[in-house]
Amino acid sequence: MKTHPILRIVFQALALLFSAAGLSHAQGKIVEPADIIVVHARVYTENPQQPWAQAVAIYHGKIVAVGDDPEIERRRGLGTKVIDAGGKLVLPGFADCHIHFMDGSLSLGRVNLEGAKDPAEIQKRLRDYASEHPGDDWILGRGWNYAMFGSETLPHKKYLDELFPDRPVFLEGFDGHTYWVN
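Each value, and the rule that gives it
- Residues numbered from 1 in each chain as written.
- Predicted model: local features only at pLDDT ≥ 70, side-chain atom pairs only at ≥ 80, totals over all residues.
- Heavy atoms only, no water.
- Salt bridge = Lys/Arg side-chain N within 4 Å of Asp/Glu carboxyl O.
- Helix = DSSP H or I, 4+ residues; strand = E, 2+ residues; numbered from the N terminus.
- Buried < 20%, exposed > 50% of the residue type's maximum accessible area, 1.4 Å probe, protein only.
- Pairing = 2+ DSSP bridges.
- Patch = residues over 30% accessible without salt bridge, like charges linked within 9 Å, V, L, I, M, F, W, Y side chains within 5 Å.
- Areas by Shrake-Rupley, 256 points an atom, 1.4 Å probe, with all protein chains shown as cover.
- Phe/Tyr/Trp six-rings, centres within 6.5 Å; stacked < 30°, edge-to-face > 60°.
- Lys NZ or Arg CZ within 6 Å of the ring centre and 35° of its normal.

Visitor: Please give an account of the pattern of salt bridges that cites residues and values.
Guide: In the structure shown here, the tally under the stated rule is seven salt bridges. Measuring nitrogen to oxygen at the nearest pair gives 3.4 Å for the salt bridge that ties E172 to R142. Taken together, the positions of E172 in strand β12 (residues 169-173) and R142 in strand β11 (residues 139-144) put the pair 30 residues apart, joining distant regions of the chain. Note on E172: relative accessible area 7%, which makes it buried. The partner of K157 in a salt bridge is D161, with the nearest N and O atoms 2.6 Å apart. Taking relative accessible area as the criterion, D161 reaches 24% and is therefore assigned partly exposed.

Written out as structure tokens, the structure is:
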């Protein structure tokens, strides 16, 4: 069926009016345009029913649509920022300026020494951990702050040897660059 040229012009004019008013057409209803759209991408969605897509629409900091390029392009308005991913991979996730994911994850099973005020408090935490985890396996911990040692500057192994003369102890400082062992 052919559309009459005048009707085609009317439809195009209406589309322009909606766009100028900050509205766009998506899935049969009028929606506000996205703030950002990412197109021409390989989007991994984490959705088992639709694991891959081409494009993403974002409105007020939230993903509002995931689909193919034409579907997401319908959410484009006059002020929409368009990011052409050029076929690159786009993954859902979070951003962190500095993360040690693996080491941080492993630390969850170690003695937490963060916030300890002095060597006596560290020794108490280590004793508690050792009573909950008997044996001769390594005692691993993280988070001590060398500032607590004052004039000693850095911890001495004597604090650990007093408690564990025959059990290895390895404690990482809060900064991840200093270690304390018996």
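Next comes the rest of the write-up.
Visitor: Please provide a residue-by-residue account of the sheet that holds strand β5 (residues 52-53), values included.
Guide: Backbone-to-backbone hydrogen bonds pair the strands of a sheet. The strands run either parallel or antiparallel. Here three strands make up an open sheet; going across it, the order is β5-β4-β9 and the pairing mixed. Pairing within the sheet leaves two strands with one partner each, and these edge strands are β5 and β9 (89-90). Alignment of strand β4 (residues 42-44) against β9, held across two bridges, turns out to be parallel. Following the sheet pairing, V43 is matched in β9 by V90.

Visitor: So what's going on with a nonpolar patch on the surface? Residues and values would help.
Guide: Taken together, the side chains of Y44, W52, L89 and L91 make up a nonpolar region of the molecular surface, amounting to roughly 410 Å² of accessible area. Mapped onto the elements of the fold, W52 is located in strand β5. Note on W52: relative accessible area 42%, which makes it partly exposed.

Visitor: Residues and numbers for the sheet that holds β11, please.
Guide: Spatially, the four strands line up as an open sheet ordered β10-β11-β12-β13, and their pairing is mixed. Each edge of the sheet is formed by a strand with only one pairing partner; in this case those strands are β10 (111-112) and β13 (179-181).

Visitor: Talk me through the packing of aromatic side chains; I want residue IDs and the actual numbers.
Guide: In the structure shown here, the tally under the stated rule is nine aromatic pairs. When the centroid spacing of 6.2 Å and the interplanar angle of 80 degrees are considered together, the rings of W144 and F149 count as edge-to-face. As far as burial versus exposure is concerned, W144 and F149 are alike and both buried. An angle of 75 degrees between the planes, with centres 5.5 Å apart, marks the rings of W144 and W180 as edge-to-face. Remark: W180 occurs in strand β13 and W144 occurs in strand β11; sequence separation between them is 36 residues. There is no split in this pair, since W144 and W180 are both buried. Directly above the aromatic system of W52 lies the positively charged group of R42, at a separation of 4.6 Å from the ring centroid.

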